[in-house]
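Structural overview
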Amino acid sequence: EPNIYMHPSIRVQAERVLDGGAKNEIFRSISEVASGSQDIVVSTLVLCSVQDQPGMLVEIQRVLKPGGMLLFLEHVAADDQGYPAPGKTFDWDKGFYRWAQQAMTPLQVALADGCHPARDTIKEISTVFPETFFKRFDVPAL
């Protein structure tokens, strides 16, 4: 987790959820983690805000043991549908959603720890981890 102000909360939650015998550490930088030392890397809403997403994914691959796993939960760019055209199915709601993600990116980056809501995180993960399995879902409106 790059935001050091989140570390105390993460520690509390890790102690609450993880097996007491499990080793869990929080690092300020992944460069502090030894190569091939991790069975699992868990990333929750972090890949949207790292400055060098492809570089971070290569680092995650570096620290994983052979056969290790990256578990992630990320908000990602809405599916790109291209442009409306005759005879083509076009979901205007999804098209608007992707446009809105792109439009709000500068403000979101400034206010939310560098978060880029329009990044194609799935594409980047799949580039480094070819056997990527994921499920897209929409959070219901409140």
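Each chain carries its own residue numbering, running from 1 in the direction its sequence is written. Reporting in this predicted model follows two pLDDT cut-offs: at least 70 for local features of residues, and 80 or more for side-chain atom pairs to be given and counted; totals over whole chains, interfaces and linings ignore these cut-offs and use all residues. Note that the side-chain values use all heavy atoms of the structure and ignore hydrogens as well as water.

1. Quick notes on the overall build of the protein chain
In plain terms, the rule: The helix count covers DSSP runs of H or I at least four residues long, the strand count covers runs of E at least two residues long, and both are numbered beginning at the N terminus. Whether a residue is buried, partly exposed or exposed follows from its accessible area with a 1.4 Å probe, protein chains only, as a fraction of its type maximum: under 20%, in between, or over 50%, in that order. The contact criterion used is simple: two residues touch if any of their non-hydrogen atoms lie within 4.5 Å. Accessible surface is estimated by sampling points in the Shrake-Rupley manner with a 1.4 Å probe; for residues, cover comes only from the protein chains shown.
Helix and strand counts for the protein chain stand at four helices and two strands. Listing each helix as α and each strand as β along the protein chain from the N terminus yields α-β-α-β-α-α. Looking at the protein chain as a whole, 26% of its 142 residues qualify as buried. Of the contacts formed within the protein chain by residues at least 6 apart in sequence, a portion of 66% connects residues at least 24 apart. As displayed, the protein chain has an accessible area near 10,300 Å², and 58% of this comes from carbon and sulfur atoms.

2. Quick word on the nonpolar core
For the record, the criterion: As used here, the term nonpolar core means buried Ala, Val, Leu, Ile, Met, Phe, Trp, Tyr and Cys residues forming a set that is joined through side-chain atoms within 4.5 Å.
In terms of nonpolar packing, the biggest core is built from 12 residues, these being Ile30, Val33, Val41, Leu47, Leu57, Ile60, Val63, Leu64, Leu70, Ile125, Val128 and Phe129. Contributing elements (two or more residues each) for this core: helix 2 (53-63), strand 2 (64-73) and helix 4 (121-128). Per-element tally for this core: the top contributor is helix 2, with three residues. The residues contacting Ile125, other than those within four sequence positions of it, are Leu47, Leu57, Leu70, Phe72 and Thr132.

3. Topic: a nonpolar patch on the surface
We apply this condition: The patches reported here contain residues having more than 30% relative accessible area and no salt bridge. Joining distances are 9 Å for like charges and 5 Å for nonpolar side chains (Val, Leu, Ile, Met, Phe, Trp, Tyr). Whenever a carboxyl oxygen of Asp or Glu lies within 4 Å of a side-chain nitrogen of Lys or Arg, that contact is scored as a salt bridge.
Where nonpolar side chains cluster on the molecular surface, the patch consists of Ile40, Val42, Met69 and Leu71 and spans about 360 Å² of accessible area. Mapped by element, the contributors of at least two residues to the nonpolar patch are strand 1 (38-44) and strand 2. Looking at the secondary structure, you find Val42 in strand 1. The exposed category is assigned to Val42, whose relative accessible area is 57%.

4. Details of unusual backbone geometry
Residue Leu45 is not a glycine yet carries a positive backbone phi of 55°. Note that Leu45 resides in the loop between strand 1 and helix 2.

5. Quick notes on the environment of Met56
Looking at the element boundaries, Met56 is found in helix 2. Between the alpha carbons of Met56 and Ser29 there is a distance of 9.9 Å; along the sequence they are 27 residues apart.

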